[in-house]
Amino acid sequence: MKKVSFFLATLIFVLGVTGVAWSALYHGVEFPDGAASFADAVFSFDPVVNSGQPGAAYLEPLEAVGIPDYPEGPTLGYVSLGDGGSITLRFTDNSLTGSGDANLDLWIFEIGPDVEDTFVAISKDSIMWYDVGKVFGSISGIDIDFFGWDQTDYFSYVRLTDDGNEGAQTGETVGADIDAIGAISSAPPVNAVPEPSSVFLLGIGLLGLLGFGRKIRR
């Protein structure tokens, strides 16, 4: 029993350091790659601010990075785009890809009592952009396969633009309030090459598994 426990602990450690992700639920949506599925960086932020709206406290773009953490997180948990404003987020440790079916591939987490529409565009290189429709506030998903993409396409950038014709025009949180975006159909980042140390550790784990299996059979 001690050997089994030690082996399992070792295997979990190996999987952890090699970047193996664990499936997780966020507000009822399952992401097979867990926290690694979500955008990691702000590429650009262009809010529309009129007469102090949105308020300065609601204009921190980093609030849209990482897992959806409103209202459980230690900070505000979302960023307001302003009436017609936009934010572009980037995936660095993964990329958005198609699923080959009609399942939703990209999820946008928008919060607040005033549900506001948001236009969505995706890009592979931040230069050429492709519109993939709009989401209608709250927690919404998009099937990028519907727009002609599949598992051979890899996108690193997602741009969200508030629909200025929807939602309230006044208040401190004018515009869509973005908590997070996640690639439920997630692939390794473009041009990613596994680190030698990670490959080595994974190899050790697999060898240990084979050796452990032989001992059991004896």
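Placed above this text is the structure.
Counting starts from 1 at the beginning of each chain's written sequence and moves along it residue by residue. In view of the model being predicted, local features appear only for residues whose pLDDT reaches at least 70, and side-chain atom pairs are presented and counted only at 80 or more, with totals across whole chains, interfaces and linings using the full set of residues. Note that the side-chain values use all heavy atoms of the structure and ignore hydrogens as well as water.

Caption draft 1: Summary view of the sheet that holds strand β10 (residues 139-142). Spatially, four strands are ordered β4-β12-β7-β10 in an open sheet, and the strand pairing comes out antiparallel. Only two strands of the sheet have a single partner each, and these edge strands are β4 (79-80) and β10. Pairing between strands requires that DSSP locate at least two bridges from one strand to the other. Think of it this way: any DSSP run of H or I at least four residues long counts as a helix, any run of E at least two long counts as a strand, and we number them from the N terminus. Across five bridges, the pairing between strand β7 (residues 106-110) and strand β12 (residues 177-183) is antiparallel. What sits directly across from E110, in β12, is I178.

Caption draft 2: Structural view of the sheet that holds strand β3 (residues 41-46). Read from one edge of the open sheet, five strands run β3-β5-β11-β8-β9, paired in antiparallel fashion. Edge positions in the open sheet fall to β3 and β9 (129-135), since each of these has one partner strand only. When strand polarity is set aside, the average angle formed by the axes of neighbouring strands in this sheet is 20°. Two strands pair when backbone bridges link them, and strand β8 (residues 118-123) and β9 are joined in this way by five bridges, in the antiparallel orientation. Comment: axis = line fitted to C-alpha atoms, over the contacting stretch for helices; angle = value between 0 and 180 degrees taken between N-to-C directions.

Caption draft 3: Highlighting the pattern of salt bridges. Throughout this description, the term salt bridge denotes a Lys or Arg side-chain nitrogen within 4 Å of a carboxyl oxygen of Asp or Glu. Enumeration over the complete set of coordinates arrives at three salt bridges. Put simply, D163 and K134 hold a salt bridge, and the shortest N to O gap is 2.7 Å. Of this pair, D163 sits in the loop between β11 (157-162) and β12 while K134 sits in strand β9, and the two are 29 residues apart along the sequence. The buried label applies to any residue whose accessible area, calculated with a 1.4 Å probe on protein chains only, is under 20% of its type's maximum; exposed applies above 50%, and partly exposed to all values in between. Owing to a relative accessible area of 6%, D163 belongs among the buried residues under this scheme.

Caption draft 4: Spatial organisation of unusual backbone geometry. Note that the residue after Q53, namely P54, is joined by a cis bond; omega there is 0°. If you trace the backbone, P54 turns up in the loop between β3 and β4. The peptide bond linking Y70 to P71 adopts the cis configuration, its omega dihedral lying at 0°. With respect to the helices, strands and loops of the structure, P71 is situated in the loop between β3 and β4. At S51, a residue that is not glycine, the phi angle is positive and equals roughly 50°. The topology assignment puts S51 in the loop between β3 and β4.

Caption draft 5: Geometry of the nonpolar core. L96, V120, I122 and V158 are the most contacted members of the largest nonpolar core, which has 26 residues in total. Counting residues per element, the ones that place at least two in this core are β5 (86-90), β7, β8, β9, β11 and β12. Per element, the largest residue contribution to this core is three residues, and it comes from β12. In contact with V158, not counting residues within four places along its chain, are I87, T88, L89, F91, L96, L106, V120, A121, I122, W129 and I181. Within this scheme, the nonpolar core is defined by two criteria: the residues are buried Ala, Val, Leu, Ile, Met, Phe, Trp, Tyr or Cys, and they are joined through side-chain atoms within 4.5 Å. In this structure, Y26, V29, F31 and F38 belong to the second largest nonpolar core, which totals eight residues. We call two residues in contact whenever any of their non-hydrogen atoms come within 4.5 Å of each other.

Caption draft 6: Geometry of the environment of D83. Looking at the element boundaries, D83 is found in the loop between β4 and β5. Taking relative accessible area as the criterion, D83 reaches 23% and is therefore assigned partly exposed. For the pair formed by D83 and P54, sequence separation is 29 residues and the distance between their alpha carbons is 8.6 Å.

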